[in-house]
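Structural characterization, general
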Amino acid sequence: MAKRVDLNNTSRSTPRGNKFDRLNRAPKKGTSSFFKKIGRLILYIWISTIVAVVLFKFVPVYFTPTMASRKIDALMDGEPSKIHSQWTSYEEIDRNCPLAVIASEDQLFPEHHGFDFEAMGTALIKNQKGKRIKGASTISQQVAKNVFLWQGRSYFRKALEAYFTVLIEFIWGKERIIEVYLNVAETGKMTFGVEEACRRYYGHTSAEVSTTEAARIAACLPNPIRFSIKNPSGYVSKRTSFIKRQMSALGGKKFLRNL
């Protein structure tokens, strides 16, 4: 006798996927792959930042994003675009230079770990009142911004600045931070670093700089395009005298032993 085949049972025993299930399952693999790629990209970027910070602990910083920005602006305006900068080691720079910039920009530099929270809090209050305040950023923060980032005031850039500040404080140390600052800080139009400033405006190297000359360089740092080292205004002259008094109040060059 022939065996009867139940077609109804056969069709029921064969699993049939719901078309909506297939539609729901299909994107999962692609979504997972997308997030994995994003994760790998973030990991690579993070590793590259560590490598860059470690590298610049030993390698001179010859060029920065700020220099690139100034050069591009000069080219677009049809002005001379040559960057005047000469890397000089900390040992070759007279101690008047680091003392002057610390006295002017960040007197707590030897003590803090990258941030002056009291100054930041004061700046926040002043900003909320619509006023501006100078000196909220430490030397470490300025180095992090100048070497690794672009100029700007967005919260995203400030967050990156804080990240790089922590890294250089931990990996570089104070002496390396001040060495880089003295070499990359903008000191005049298309001019960067105290060595080139001394050569262009004083006619000698940074190893020969006097207390007054170093204080005048520091006095122009807040706005080196507007303020002139070579032809100081009345404000710059007053600021120079103030910085000289601060240098003395800190204890002179022996203050730098704390770095």
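What you see is a predicted model; the values in this text were computed from it and never measured. (Residues numbered from 1 in each chain as written. Predicted model: local features only at pLDDT ≥ 70, side-chain atom pairs only at ≥ 80, totals over all residues. Heavy atoms only, no water.)

With that out of the way, let us pick up helix 11 (residues 234–249). Between the first and last C-alpha of helix 11 there are 23 Å, a value that for 16 residues agrees with the 22 Å anticipated at 1.5 Å per step. Val236, Thr240, Ile243 and Met247 are the residues of helix 11 that are buried. Viewed along the axis of helix 11, the buried residues span an arc of 70 degrees, placing them on a single side of the element. Summarising the geometry of helix 11, the exposed residues directed more than 90 degrees from the buried face are Lys238, Arg245, Ser248 and Ala249. Positive phi appears at Gly251, one or two residues downstream of helix 11, with a value of about 110 degrees. (Helix = DSSP H or I, 4+ residues; strand = E, 2+ residues; numbered from the N terminus. Expected span 1.5 Å × (residues − 1). Buried < 20%, exposed > 50% of the residue type's maximum accessible area, 1.4 Å probe, protein only. Arc of directions from axis to C-beta.)

On to the side chain of Glu105. Its place among the elements puts Glu105 in helix 4 (residues 96–105). Despite being buried, Glu105 has no salt bridge partner; Arg239 is the closest side chain of opposite charge, sitting 5.4 Å away. Polar side-chain contacts of Glu105 include one of 3.3 Å to the side chain of Gln142. Not counting residues up to four positions away in its chain, the partners in contact with Glu105 are Ser137, Ile139, Gln142, Tyr181, Ala218, Leu221 and Pro222. (Lys, Arg positive; Asp, Glu negative; His and termini not counted. Salt bridge = Lys/Arg side-chain N within 4 Å of Asp/Glu carboxyl O. Polar contact = N/O pair within 3.5 Å; in protein donor to acceptor, adjacent residues only side chain to side chain. Contact = heavy atoms within 4.5 Å.)

Turning our attention to the packing of aromatic side chains. When we look at a pair of aromatic rings, we describe it by the centre distance and by the angle of the planes. Tallied over the entire structure, the rule returns seven aromatic pairs. Feature note: the residues Phe56, Phe148, Tyr163, Phe164 and Trp172 constitute an aromatic cluster, connected by ring pairs. For the cation-ring pair, Arg176 lies above Trp172, with the distance from its terminal atom to the ring centre recorded as 6.0 Å. (Phe/Tyr/Trp six-rings, centres within 6.5 Å; stacked < 30°, edge-to-face > 60°. Lys NZ or Arg CZ within 6 Å of the ring centre and 35° of its normal.)

This paragraph deals with the sheet that holds strand 3 (residues 191–192). Backbone-to-backbone hydrogen bonds pair the strands of a sheet. The strands run either parallel or antiparallel. Taken in spatial order, the three strands make up an open sheet running 1-3-2, and their pairing is mixed. Edge positions in the sheet fall to strand 1 (84–85) and strand 2 (186–188), since each of these pairs with one other strand and no more. Bridge count for strand 1 against strand 3 is two bridges, and the pairing is parallel. Its bridge partner being in strand 3, Ser85 is matched across the sheet by Phe192. (Pairing = 2+ DSSP bridges.)

Before going further, it helps to spend a moment on the environment of Phe164. Mapped onto the elements, Phe164 comes out in helix 7 (residues 155–171). Classification of Phe164 as buried rests on a relative accessible area of 7%. Contact partners of Phe164, with chain neighbours within four places excluded, come to Thr49, Val53, Ala144, Phe148 and Leu149.

Where helix 4 contacts helix 8 (residues 174–184), the axes come no closer than 11 Å and their chain directions differ by 90 degrees. One way to sum up the angle between helix 4 and helix 8 is to call them roughly perpendicular. Facing helix 4, whose interface residues are Cys97, Pro98, Val101, Ile102 and Glu105, helix 8 presents Ile178, Tyr181 and Leu182. Grouping the amino acids of the contact of helix 4 with helix 8 by side-chain chemistry returns seven nonpolar, no polar and one charged. (Axes fitted to C-alpha atoms, helices over the stretch in contact; angles between N-to-C directions. Parallel < 35°, antiparallel > 145°, perpendicular 65-115°, else oblique. Nonpolar A, V, L, I, M, F, W, Y, C, P; charged D, E, K, R; others polar.)

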